[in-house]
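# Notes for the structure review
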Amino acid sequence: MRRRGSIGTLFYGGDARFELSDRLLAHLQAVIGMKLRRNESFFLSWVIPPEEGNGRNAIWVDSGMPIRFRYEGSRPPRINREWAETLALSANTNFGLVVSEETIEPGDAAHGHELQ
C-alpha cells in the first residue's frame, strides 16, 4: 500500500498501533463507524509495505474492542465516496474489509457524503 501525505495511527485494543495515511484512516473511520453502528463485526486486513518488512495484518473489529484514530494532519481529508463504498463492500465478504488502493482521484469523486 503506497502512503501519501500525513501518517496517522490506528490504535486497536490495549496496545496495538498501526501507522497508516491520514487519508486511508479517514476512509476506514467512515466504514468502520458504519459497520459498528449496525453491530456488525468483521476482519480488517492490509498489506505491509516492503519498506516495513512485507506481509500483511488482519484484525477482528467488533464493538467490544477499543479503537482510536489519530491523525497527523489537523484538517480531515475529503472522502472519496467510490473508494469508501468499495471498502464497505469488501467488509461484507468472508475476507472482511481488505484495504485496497484508491483508484479514483479525489477530485473526480463525490465528497462529503456519509455512507448509508
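Preceding this paragraph is the structure being described.
Before going into details, it helps to say that this report is about the structure given with it. Just so you know, these numbers come straight off a predicted model, no measurement behind them.

Let us now look at the sheet that holds strand S3 (residues 42-47). Read from one edge of the open sheet, 3 strands run S4-S3-S6, paired in mixed fashion. Edge positions in the sheet fall to strand S4 (56-61) and strand S6 (97-98), since each has one partner strand and no second. Pairing between S3 and S6: 2 bridges, direction parallel. In the strand pairing of S6, Ser45 is matched with Val98. Along the sheet, helix H1 (residues 22-37) makes contact with S3, S4 and S6, crossing S3 at roughly 165°.

For the structure on display, the rule yields 3 salt bridges. In this structure, Arg23 and Glu102 form a salt bridge, with 2.8 Å as the shortest nitrogen-oxygen distance. Placement of the pair is Arg23 in helix H1 and Glu102 in the segment after S6, with a sequence separation of 79 residues. Pair check on accessibility: Arg23 and Glu102 agree, each one buried. With a shortest N-O distance of 2.6 Å, Glu40 and Lys35 are connected by a salt bridge.

On to the packing of H1 against helix H2 (residues 81-91), then. Contact pair H1 / H2: the axes reach a minimum separation of 10 Å and the direction vectors enclose 50°. What the angle tells us is that H1 and H2 run oblique. Once H1 is placed against H2, the crossing between them reads as right-handed. Of the residues in H2, those touching H1 at Arg23, Leu24, His27, Val31, Met34 and Lys35 are Trp83, Ala84, Leu87, Ala88 and Ala91. The residue makeup of the contact of H1 with H2, split by class, is 8 nonpolar, 1 polar and 2 charged.

Criteria and thresholds
- Residues numbered from 1 in each chain as written.
- Predicted model: local features only at pLDDT ≥ 70, side-chain atom pairs only at ≥ 80, totals over all residues.
- Heavy atoms only, no water.
- Pairing = 2+ DSSP bridges.
- Helix = DSSP H or I, 4+ residues; strand = E, 2+ residues; numbered from the N terminus.
- Contact = heavy atoms within 4.5 Å.
- Axes fitted to C-alpha atoms, helices over the stretch in contact; angles between N-to-C directions.
- Salt bridge = Lys/Arg side-chain N within 4 Å of Asp/Glu carboxyl O.
- Buried < 20%, exposed > 50% of the residue type's maximum accessible area, 1.4 Å probe, protein only.
- Parallel < 35°, antiparallel > 145°, perpendicular 65-115°, else oblique.
- Left-handed = near helix turned anticlockwise from the far one by under 90°.
- Nonpolar A, V, L, I, M, F, W, Y, C, P; charged D, E, K, R; others polar.

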